[in-house]
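# Fold and geometry: a report
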Amino acid sequence: MTTITVHGTQRTADPQGPLRDWFDPTHTAIVSIDMHEGHLSEDPACPCPAPRGRAIVGPIDDFHRAARALGIPVVHVRSELRASGIDDVGGTSDSAWRTTFPQHVGPIPGAADHALAGSRWTRFVTEVEPQDEVVTGKKRLSAFYPTDLDFLLRQMGVRAVVLDGIMADCCVLNSAFDASNLGYRVSVPSDLVRGTDEGLERAALSMVSLHLGVVTESAELLAAWTSATVGSPGHLTA
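The numbers attached to residues start from 1 for each chain and follow its sequence in the written order. Per-residue local features are limited, in this predicted model, to residues with pLDDT of at least 70; the limit for side-chain atom pairs, both in listing and counting, is 80 or more; totals at the level of whole chains, interfaces and linings are taken over all residues. Note that the side-chain values use all heavy atoms of the structure and ignore hydrogens as well as water.

It helps to recall that an α-helix has 3.6 residues per turn; residues three or four apart then point in one direction. Think of it this way: any DSSP run of H or I at least four residues long counts as a helix, any run of E at least two long counts as a strand, and we number them from the N terminus. Here a helix's expected span is defined as the number of its residues, less one, multiplied by 1.5 Å. The first and last C-alpha atoms of helix α8 (residues 198-212) sit 20 Å apart over 15 residues, in line with the 21 Å expected at 1.5 Å per residue. The cut-offs for exposure are 20% and 50% of the maximum accessible area for each residue type, with area from a 1.4 Å probe on protein chains only; residues under the lower value are buried, those over the upper are exposed, and the others partly exposed. All of the buried residues in α8 are Glu201, Ala204, Leu205, Ser206, Val208, Ser209 and Leu212. For this analysis, residues touch if any pair of their heavy atoms sits within 4.5 Å. Residues of α8 that are buried in the fold lie against β1 (2-6), α7 (168-181), β7 (185-189), β8 (193-194) and β9 (213-216).

This is the structure:
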């Protein structure tokens with residue numbers, strides 16, 4: 001049995017029961033979202049700091065290593081805007097968060113430099129191995145917009161995605177909605193995402209658990225995958 005969280009309440013589920021598509025490693029990939037310097041650097045010049053995310057860098061690396069050993073592919077997604085800024089502040093319509101989020105956290109002095117191509121802010125903080133895939137060009141809140149993530153996943157034969165990274169109530173949540181709408185089985189390991197604050201993090205995970213997919217912990221996923229891959233090749237097949 002596997003432990004999942006539904007609207008804040010822990011429950012047990014049979015990974016071979018109705019939720020088996022969510023726990024089947026055969027057609028699963030991990031999609032790691034925005035774990036780069038532009039959010040995670042401790043430099044005061046960090047253009048869009050998400051300091052709560054620093055705590056999950058090590059755990060995410062550990063999870064990815066264990067998943068790779070089981071044949072689960074890892075896809076890293078990062079925000080990246082054209083160096084000219086035309087994709088956002090230099091275009092006809094900038095991202096709404098640039099106006100709304102400062103109402104909560106105050107001015108963000110370096111926000112105009114966030115995710116500019118060629119800048120150090122787009123460097124991944126988490127480990128990226130040669131066998132991993134990288135999706136770049138994320139320009140708004142979802143990892144699917146306007147990137148080729150959906151195309152890549154379908155080319156890989158992926159039917160289920162595990163989303164980790166930041167922010168739980170922002171880019172992870174938006175990506176979960178898009179993934180579910182596109183027909184993917186969505187899982188979010190609650191120990192490998194962080195939100196703006198604990199309250200918004202809980203709210204985002206509750207929404208995922210009720211409407212979009214499975215909320216569990218990384219150890220539960222690894223245990224289910226290990227059990228399922230015993231005696232099997234443990235890699236994606238079309």
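The set of buried Ala, Val, Leu, Ile, Met, Phe, Trp, Tyr and Cys residues whose side-chain atoms join them within 4.5 Å is what this entry labels a nonpolar core. In terms of nonpolar packing, the biggest core is built from 30 residues, with Val31, Val75, Leu149, Leu153, Val161, Leu163 and Val188 touching the most fellow members. Elements with a minimum of two residues in this core: β3 (28-33), β4 (74-79), α6 (149-156), β6 (160-166), α7, β7 and α8. When residues in this core are grouped by element, the largest group, six residues, is from α7. Among residues more than four places away in sequence, those in contact with leucine 153 are Ala29, Val31, Val75, Phe144, Val158, Val161 and Tyr184. Counting residues in hydrophobic clusters, the runner-up holds 26 residues, among them Phe23, Leu70, Ile72 and Val74.

With that settled, the discussion passes to α6. The set of residues buried in α6 consists of Leu149, Leu152, Leu153 and Met156. For α6, the angular spread of the buried residues around the axis is 95 degrees, confining them to a single face. Within α6, the exposed residues directed more than 90 degrees away from the buried face are Phe151 and Gln155. With its phi angle positive at about 80 degrees, glycine 157 sits one or two positions after the end of α6. For this quantity, the arc is that covered by the directions from the helix axis to the C-beta atoms.

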